[in-house]
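# Remarks on the overall topology
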Amino acid sequence: MDRHGAQPRVSIAAQLSVRRGRAAVEFYKAAFGAVEDYRVGGTDDHQEVVAQLSVGGASFWVSDESPPHGNFSPESLGGATVRMLLIVDDPDAVIAQAVDAGATQIYPAGEEHGWRLGRVEDPFGHHWEIGKPLVDWPPTTPHTA
């Protein structure tokens, strides 16, 4: 709590490091209907970009990789170290839209563990699981496999 007794605002937002940042911003707009909320750079004079995007109010950041600062794209690492989970009402339609925009389908949407879920890899090496829960989520009792 702060000095006025209010809970501090806390949020977590992923920042995706990519090569070809300007192209990545445009891909996320086309693939997921992302809206550009904030941007620095990404011009002919300053090609590196840092942008905050949002999809349905959920925000994430995209920036050109910067190896001197320890920020590497999946292309530099030979794979991604995190998967993004995009929760939408119609996973099949969003997967198809992402593939039309240039993503590679890893697996189509299917039903398992109370979810309808599929996965794509974007052109920059990031994996996106796209789905929706089919039951009340989170469950009221912990699930163990």
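Just above sits the structure.
Starting afresh in each chain, residues are numbered from 1 along the sequence in its written order. Residue-level local features of this predicted model are given only where pLDDT is at least 70; pairs of side-chain atoms are given and counted only at 80 or more, and the full residue set underlies all totals for whole chains, interfaces and linings. In computing side-chain properties, one takes all heavy atoms of the structure into account and sets aside hydrogens as well as water.

## Some thoughts on helix α3 (residues 91-101)
Each residue is assigned to one of three classes by its accessible area relative to the maximum for its type, calculated with a 1.4 Å probe on protein chains only: buried under 20%, partly exposed between the two thresholds, exposed over 50%. Segments assigned H or I by DSSP are reported as helices when at least four residues long, segments assigned E as strands when at least two residues long, and all are numbered from the N terminus. Those residues of α3 lying buried are Pro-91, Val-94, Ile-95 and Ala-98. Buried residues of α3 fall within an arc of 100 degrees about the axis and therefore sit on the same side. A contact between two residues is defined here by any heavy atoms of the two lying within 4.5 Å. If you follow the buried residues of α3, they end up packed against α1 (21-32), β5 (83-87), β6 (104-112), β7 (115-121) and β8 (127-133). After α3 finishes, the residue Gly-102 shows a positive phi value of roughly 125 degrees. Starting at the helix axis, one direction is taken to each C-beta atom, and the arc is that of these directions.

## Concerning the nonpolar core
Core analysis: the biggest nonpolar cluster contains 27 residues, and Tyr-28, Phe-32, Phe-60, Trp-128 and Ile-130 have the highest contact counts within it. Where this core is concerned, the elements lending two or more residues are β1 (15-18), α1, β3 (49-55), β4 (58-64), β5, α3 and β8. Broken down by element, this core gets its largest block of residues, six residues, from α1. Contact partners of Phe-32, with chain neighbours within four places excluded, come to Val-55, Leu-86, Val-94, Gln-97, Ala-98, Trp-128 and Ile-130. Remark: nonpolar core denotes a set of buried residues (Ala, Val, Leu, Ile, Met, Phe, Trp, Tyr, Cys) joined through side-chain atoms within 4.5 Å.

## Side note on the environment of Lys-29
Its place among the elements puts Lys-29 in helix α1. In this structure the C-alpha to C-alpha distance between Lys-29 and Ala-98, which are 69 residues apart in sequence, comes to 9.8 Å. Among all residues touching Lys-29, those that are not within four sequence positions of it are Ala-34 and Glu-36. Side chain to side chain, Lys-29 and Glu-36 meet in a polar contact 3.0 Å long. Polar contact criterion, stated in full: a pair of N or O atoms within 3.5 Å, where within protein one must be able to donate a hydrogen and the other to accept it, and residues adjacent in sequence count only if both atoms are side-chain atoms.

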